[in-house]
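Examination of the molecular architecture
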Protein chains: 2
Amino acid sequence: MTLSPTPAYLELCRRNQRHYRLHHAIGILHWDSATMMPPRASGARADALAELESLLREWQTDPALATLLAQADAESLDPLQRANLRESRRVWLRATAVPPALATQRSLVAMRCEHAWREQRHRHDWPGFLENFKPLVELVRREAGCLADALDVGRYDALLDMHEPGLRDSEVSRLLGHVRNWLPGLIGQIRERQRSQPCLIPQGPFALAAQRDLSEAVMRALGFDFQAGRLDVSSHPFCGGTFEDIRLTTRYSEYDPLAGLTATIHETGHALYHMGLPESLREQPVGAPRWGAIHESQALMLEKQLGLSPAFIRWLAPLLRQHLGEQPAFATDNLIHLFQRVEPGFIRVDADEVTYPAHVILRYDIERALIEGEIEAEDIPVRWNAAMRELLGIDPGELYGQGCLQDMHWACGMFGYFPGYLLGAMYAAQWAARIRREQPDLEQQVEAGEFGVVIDWLRQHIHRHASRYDSNELVRIASGEALDPDYLRQHLMARYLDD
Amino acid sequence: MTLSPTPAYLELCRRNQRHYRLHHAIGILHWDSATMMPPRASGARADALAELESLLREWQTDPALATLLAQADAESLDPLQRANLRESRRVWLRATAVPPALATQRSLVAMRCEHAWREQRHRHDWPGFLENFKPLVELVRREAGCLADALDVGRYDALLDMHEPGLRDSEVSRLLGHVRNWLPGLIGQIRERQRSQPCLIPQGPFALAAQRDLSEAVMRALGFDFQAGRLDVSSHPFCGGTFEDIRLTTRYSEYDPLAGLTATIHETGHALYHMGLPESLREQPVGAPRWGAIHESQALMLEKQLGLSPAFIRWLAPLLRQHLGEQPAFATDNLIHLFQRVEPGFIRVDADEVTYPAHVILRYDIERALIEGEIEAEDIPVRWNAAMRELLGIDPGELYGQGCLQDMHWACGMFGYFPGYLLGAMYAAQWAARIRREQPDLEQQVEAGEFGVVIDWLRQHIHRHASRYDSNELVRIASGEALDPDYLRQHLMARYLDD
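Per chain, the residues get numbers from 1 upward, laid out in the order the sequence is written. Naming scheme: in the order in which they are written, chains are lettered from A and ligands are numbered from 1. At least 70 in pLDDT is required for a residue's local features to be given in this predicted model, at least 80 for side-chain atom pairs to be given and counted, and no such filter applies to totals for whole chains, interfaces and linings, which use all residues. In computing side-chain values, all of the structure's heavy atoms are included and hydrogens and water are not.

Per an unreviewed UniProt entry, chain A goes by Metal-dependent carboxypeptidase and derives from Chitinimonas lacunae. UniProt positions are given in the numbering used here, feature names are shortened, and annotations may be inferred rather than shown by experiment. Looking at chain A in UniProt, the text filed under Catalytic activity (unreviewed entry) is "Release of a C-terminal amino acid with broad specificity, except for -Pro." Heading Function (unreviewed entry) of the UniProt record for chain A holds this comment: "Broad specificity carboxypetidase that releases amino acids sequentially from the C-terminus, including neutral, aromatic, polar and basic residues."

Here we come to the overall build of chain A. The helix and strand inventory of chain A stands at 21 helices and 3 strands. By the compact-globule yardstick of 23 Å for 499 residues, chain A fits well, its C-alpha radius of gyration being 23 Å. Burial here depends on accessible area, computed with a 1.4 Å probe over protein chains only, as a share of the maximum for the residue type. Under 20% is buried, over 50% is exposed, and the range in between is partly exposed. For chain A, buried positions account for 58% of its 499 residues. For chain A, contacts bridging at least 24 residues in sequence account for 73% of all contacts bridging at least 6. The method behind every accessible area is Shrake-Rupley, applied with a 1.4 Å probe, and residues are considered shielded solely by the protein chains displayed. Summed over its atoms, the accessible surface of chain A is roughly 20,200 Å², and 51% of this surface lies on carbon and sulfur atoms. Put simply, DSSP marks the helices as runs of H or I at least four residues long and the strands as runs of E at least two long, and each gets a number from the N terminus on. Atoms considered for the radius of gyration are the C-alpha atoms alone. The globule rule reads 2.2 Å times the number of residues to the power 0.38. When checking whether two residues touch, look at their non-hydrogen atoms; a contact exists if any pair is within 4.5 Å.

Before going further, it helps to examine the domain arrangement of chain A. Residues and elements named next belong to chain A. Just so you know, the domain bounds were taken from an automatic or database domain assignment. Annotation of chain A at the domain level lists domain 1 (1–96) and domain 2 (165–499). Summarising the inter-unit geometry, the C-alpha centres of domain 1 and domain 2 are found 29 Å apart. Contacts between the two partners involve 22 residues from domain 1 and, on the opposite side, 24 residues from domain 2. Note on definitions: buried area is the accessible-area loss of two parts on being combined, 1.4 Å probe, summed for both. Between domain 1 and domain 2, roughly 2,000 Å² of surface is buried when both sides are summed, and carbon and sulfur atoms account for 59% of that area. Of all residues in domain 1, Tyr-20, Trp-31 and Leu-80 give up the largest surface area on contact with domain 2, accounting jointly for 33% of the area buried on that side. Only one rule defines a salt bridge in this text: a Lys or Arg side-chain nitrogen within 4 Å of an Asp or Glu carboxyl oxygen. In this structure, the connection of domain 1 to domain 2 is made through 2 salt bridges. Polar contacts, as counted here, are pairs of nitrogen or oxygen atoms within 3.5 Å of one another; within protein the pair requires one atom able to donate a hydrogen and one able to accept it, and residues that are adjacent in sequence qualify only if both atoms are side-chain atoms. For the pair domain 1 and domain 2, the number of links is 10 residue pairs in polar contact (both at pLDDT 80 or more). Listing elements by their share of the side of domain 1 that touches domain 2, those giving two or more residues are helix 1 (7–35) and helix 4 (79–96). Counting residues per element, the side of domain 1 that touches domain 2 draws most heavily on helix 1, which supplies 11 residues. Ten residue types, Ala, Val, Leu, Ile, Met, Phe, Trp, Tyr, Cys and Pro, are classed as nonpolar, four, Asp, Glu, Lys and Arg, as charged, and the remainder, Gly among them, as polar. Looking at the side of domain 1 that touches domain 2 residue by residue, the class counts come to 11 nonpolar, 7 polar and 4 charged.

With that settled, the discussion passes to the nonpolar core. Take the buried residues of types Ala, Val, Leu, Ile, Met, Phe, Trp, Tyr and Cys, join any two whose side-chain atoms come within 4.5 Å, and each joined set is a nonpolar core. Judged by nonpolar contacts, the single largest core of 130 residues is most densely connected at Phe-133, Leu-176, Val-218, Phe-312 and Trp-431 of chain A. Take this core: its biggest share by element is 12 residues, from helix 17 (residues 419–438) of chain A.

A few words on the interface of chain A and chain B. How big an interface is tends to be reported as the loss of accessible area on association of its parts. In this assembly, 35 residues from chain A lie in contact with 35 residues from chain B. Both faces considered, chain A and chain B share a buried interface measuring about 2,900 Å² in area, 57% of it formed by carbon and sulfur atoms. Among the residues chain A hides against chain B, the three largest losses belong to Arg-21, Arg-40 and Glu-51 of chain A. Together they make up 19% of the total. Across the contact surface, chain A and chain B share 14 salt bridges. With its nearest N and O atoms 3.6 Å apart, the salt bridge here joins Arg-18 of chain B to Glu-58 of chain A. If you list the elements that add at least two residues to the side of chain A that touches chain B, you get helix 1, helix 2 (42–60), strand 1 (229–233) and strand 3 (245–250) of chain A. Residues of the side of chain A that touches chain B, tallied by class, amount to 17 nonpolar, 3 polar and 15 charged.

We now examine the sheet that holds strand 2 (residues 239–242) of chain A. All names here are of chain A. Here we have 3 strands laid out as an open sheet, ordered 1-3-2, and mixed in their pairing. Both edges of this open sheet fall to strand 1 and strand 2, since each of them pairs with a single strand only. Mean inter-strand twist for the sheet, computed between neighbouring axes without regard to direction, equals 25°. Looking at chain direction, strand 1 and strand 3 are connected through 5 bridges and run parallel. Opposite Arg-230, over in strand 3, you have Arg-247 as the bridge partner. Lines are fitted to the C-alpha atoms to define the axes, a helix being fitted only along its stretch in contact, and any angle between axes, read from their N-to-C directions, falls within 0 to 180 degrees. The sheet contacts of helix 10 (residues 257–275) involve strand 1, strand 2 and strand 3, and relative to strand 3 the element is tilted by about 165°. Two strands are counted as paired when DSSP detects at least two bridges linking them.

What follows is the structure, encoded as structure tokens:
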């Protein structure tokens, strides 16, 4: 970053750097809590993390920042500095728009709700959940109202904007509406076609050490740098740590070796984004990745676009047999069938790429209406089950743990995040279409285990820009056009209905 | 801790709690740096740690603390609260006695000296080391001068006091003088006696996983709680993390399985001290362990007093054979000879318990004279080698890496720490004598793998007091008398010269 005589901007950068370093500590401690920490330390760890997080909030809401931001705005900044100022203001706005007392209360009520939910979902205890959830919804609405006032947008818009700057509900509604039109028909066609397809299930158990070695081999082939990151195990896979010290986690199932591998590839997509961020911007907000749908698109690009392609599976198959042993289910054709199996199910995180959008659409409909006050929390189960029947032809009934109690998001008070999962799939389809157009021999390269062409494209067109552009600009710069949901339809048609 | 209407004291406790939580983060990050961190993250980690450490210094030197300490002193406190106030003042005094500019400069020069030393010791490059070391000594003298003024003691006294509150050079000189009188004679007698003793060396390699399992089994038997701590590997063994989340590390050598096990047992002694601290005092200075010699005595109690005893080795031998396989060197009698082998050598950390005191005495003589200005840095090698000849009958010559360049302490600007290693051995001998007196069947219990009587005694008489008493009071409360160095002599005579 070029430095010119811009004292306010420089002071802002100095403060950003301090915040970033505190983030580093918080990121590693969170990772440690999920992977390494002995159980009896959890209380002390929660205290230490709360202390650091409250300190970060204190720094981020320092009244002096408002003055600094205004002063820096009047300074002569180059475009990159101006983008950094814009991102710094975004962080500041998020931190200050909600009164501290409300933010604290929301956070406490959310913690209680999430903690009780962990048990309630197993008992399908919707009434019990509702007791904590209703006051939480009320607080989230108020919080969203504060953010909406600050941004001068609607309540649900404000929550969307937290995860995806500039994303508005009108746009989400249009994009998801596109998918809603063709999805049920497409699922039916694919199911019909797969009905007669033979598909053998792998016969386990598969040693966890062998699965870990396989995961690491695939990560290496995809370009994960083990000098700047690690792979460990946690109960939910995530990509944590910090941008320069990436702590990726996965989980292994003794009887389903594809699940852990798929999670690893997904998280590797997130990790490569962090590894591809420009070092020179690292401690500044403009140097952060675009969270939300763009980040998800990096994971889905690897997991779905690349990872479920026959060319990739043909490369993977011998490696997989080498680590897990030979058996009929690991024949290349059967692996393609296994990875590409489409089957409506209750659980979002277990869904294939064809039925997954249905899970997002139903959640979006409900959470939007809930935040805007069009429905109340009590209305959720009926709406949920009706949408499941309509979109996927199945109904969880009163097994709420397989229905509206399955996700952690709402229990944590997190709304406006779900659309990003589907938008991410759309972005990924658009990136893949672009790469195919530029690289006619893509398939041969992938089958030969040469993934450089994919990874380099992502680095060149997405990663290196960090947060310099908002998502709309970024998609145009990267792919030459605005986000077009039809790429997702074309991708699914080509993969599942063409010969 | 009982709470009474003592507003200044309570505010002090609130601040201590904040400091403690920051310490928690720093402790885990340091452990992570040594065990888990991928190499390319080291720059960002150093930045993050420097940020947290400078924040801690900022908090600890807040001028408001001086007022709070004075106000709390005038409040009506119970004895435990008063001890906590005393310990809080100690922390404050240490943090504020040295002007920040001097402390920063010292820290930078020490970092440079230590960094260069890592290579210089391998090249035996004393002249190169001296270039960085001379200015470091000058800064340490000035720092010690500031501390001495604040404490109203001598310069070396002030450095001793940092590690062992209340310990003075006159006392160290008396205690070490006692050992100096009988040590060379004792070493000669033991060497003479062991001359004809057969001693087989274990024939490796020994798989690291088997060594780790053995280490964990021994830790479990000694009472290490794996629900509140972990065992990992680092290049230098240490007991890190925080009091409620103990991160113990060791290192394994493929060809010397006893080295790793010995390090594990030593660090387990440190760890049990932390595990035995009272939970109710945890976040306050009075709840910390006594660092320095008392802490070392906990490690040496396990490693030497217990771990080298024939009864313990008789318990250990079958467990060791179970993990590492049968071979003649692992016969019980041979293991006793191996563990108890006495042999003068150049390297302190490899020394047996009989020759170890000589290494401490020579370092004490040199560093005391250096800090007091009686000698200069240039004088060290000649003095070092002369003392080695006098005390152990060997001379490293110009192989400084095996002589005065072997330890990290001085290269880091750390003086006044070495005496604690020998005082720790004296304390441990005194605890062991006391336990033997109270438990006539101690040997049978140890041989049966029942270590509860030892561990419970330490918990009851040392651990649970945390920092309530200074070391002089603590030794009287725990053992009924002042520290008496003759217990160490009696212990060595009994173990190595009796039949």
